Amino acid sequence: MLSEALTVSAPGKVILHGEHAVVHGKVALAVALNLRTFLRLQPHSNGKVCLNLPNIGVKQTWDVARLEQLDTSFLEQGDITAPTLEQLEKLKEATGLPKDCAVTGHLAVLAFFYLYLSICRKQRPLPSLDIVVWSELPTGAGLGSSAAYSVCLAAALLTLCEEIPNPLKEGHGVRWTKEDLELINKWAFQGERVIHGNPSGVDNAVSTWGGALRYQQGNITVLKRPPALRILLTNTKVPRSTKALVTSVRNRLIKFPEIVAPLLTSIDAISLECERVLQEMAAAPTPEQYLVLEELFDMNQHHLNALGVGHASLDRLCQVTTAHGLHSKLTGAGGGGCGITLLKPVAFLGQYVFISDARAIITFPPVVP
């Protein structure tokens, strides 16, 4: 059992192409940001579990003895399985959360307890600990804040219970193996399911593996030597629910299958074309290739609007940037949140700026020179 404090972090993400289509088995292209979520875990022996989430105003403490009295037999199946509605209802009751648990803070607490009780279920007594999580990522903006939170929780709790090695054991840095990362990713996906219901899994995959990747139905392919792109993030500060938006697309697909299914197939084709162009650009980007990327941005944004996940604030972003010769689209679930704008190469820099170096998050309305 871990005895010293542990700090872990995980990046947020932007999706270039494939939003919502990825939930239905299509390809998504996503990249990690250098905006991160941080977690500090301090084990102790005071018989308490404390969760502190200062970004969203949550700080709660529970008695370990009380938690050990809970019936957690449903968690002792041995495999990493999706939490059922019955399991989540039991956890809500045990942790004192309301049944209508839609508030961000409530869902974050519920995800913590699902992972804590599941990963630590073999430990007796259950570990006493303080966990503090803080983030550079805005919540509900489409930048993968919940996935980064789930990845940090999974990594810290697995390390605590010695399911994976401590990266800083005896003062020597240890890189987690592919198998360790896969285990972190699987548990993080369960945390995402608690929060979002039916997520695609792409957010937690990017947050776990980093870099740029292609994601389809749980299969992850890391893109080798992705070209350097300059991306501007714009936060509309319009809140929305990923779960509600994913459900709305599913309902629209059921209602209009012959209309929506081709849209999802077309978004898939956009992702594949973007992947092809990015691979070609790895050697020597050309202006013509950059024009194709801009056109793909425009087409995907129109498709996402047709799926019903656009928003007036995102339309305004597209209008403002288009007036300056730039091309934008939503990223993530849509309905507000963040948009991304593909910036043109800056000749006097002598090189492109790698996408993971894009720190700028500006508040809508954007100011474009």
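Residues numbered from 1 in each chain as written. Predicted model: local features only at pLDDT ≥ 70, side-chain atom pairs only at ≥ 80, totals over all residues. Heavy atoms only, no water.

**What about the side chain of N300?**
Worth spelling out the cut-off: Segments assigned H or I by DSSP are reported as helices when at least four residues long, segments assigned E as strands when at least two residues long, and all are numbered from the N terminus. With a 1.4 Å probe rolled over the protein chains alone, any residue whose accessible area is under 20% of its type maximum counts as buried; one over 50% counts as exposed, and the rest are partly exposed. Whether two residues are in contact is decided by their heavy atoms, any of which lying within 4.5 Å being enough.
With respect to the helices and strands, N300 occurs in helix α9 (residues 287-306). The exposure class of N300 is buried, given its relative accessible area of 0%. When near neighbours in sequence (up to four residues on either side) are disregarded, N300 contacts L16, H17, G18, E19, I267, I270 and K329.

**Remarks on the side chain of H327**
With respect to the helices and strands, the residue H327 is situated in strand β9 (residues 327-330). A residue is classified by how much of its surface remains accessible, and H327, at 19% relative accessible area, is buried. Here H327 is in contact with E294, F297, D298, I340, T341 and L342, once residues within four sequence places are set aside.

**Side note on the packing of helix α7 (residues 242-255) against helix α8 (residues 257-281)**
Put simply, the test is: All axes are obtained by fitting lines to C-alpha atoms, using only the stretch in contact for helices, and the reported angles, taken between N-to-C directions, cover 0 to 180 degrees. The labels follow the angle: roughly parallel below 35 degrees, roughly antiparallel above 145, roughly perpendicular from 65 to 115, and oblique for the rest. For this scheme, ten residues count as nonpolar: Ala, Val, Leu, Ile, Met, Phe, Trp, Tyr, Cys and Pro. Four count as charged, namely Asp, Glu, Lys and Arg, and the remainder, Gly too, count as polar.
Packing of α7 against α8 leaves a shortest axis separation of 6 Å and a crossing angle of 125°. Compared by their axis directions, α7 and α8 come out oblique. Listed contacts from α8 to R252, L253, I254 and K255 of α7 are P257, V260, A261 and L264. Its residues assigned to classes, the contact of α7 with α8 comprises six nonpolar, no polar and two charged.

**Side note on the pairing of strand β1 (residues 6-17)**
This is how the line gets drawn: If DSSP finds at least two bridges between two strands, the strands pair.
The buried fraction of β1 amounts to 10 of the 12 residues, a majority that puts the element mostly inside the structure. Across 10 bridges, the pairing between β1 and strand β2 (residues 28-44) is antiparallel. Residue pairing in the sheet places V8 in a bridge with L39 of β2.

**Considering the environment of K329**
Quick note on the threshold: Throughout this description, a polar contact denotes any pair of N or O atoms lying within 3.5 Å of each other; where both atoms belong to protein, one of them has to be capable of donating a hydrogen while the other can accept it, and for residues adjacent in sequence the pair is counted only when both atoms sit in side chains.
Tracing the sequence through the fold places K329 in strand β9. Among the polar contacts made by the side chain of K329, one reaches the main-chain carbonyl oxygen of L16 at a distance of 3.0 Å. There is a polar contact of 2.6 Å between the side chain of K329 and the side chain of E19.

Nothing here speaks to function; it is geometry throughout.
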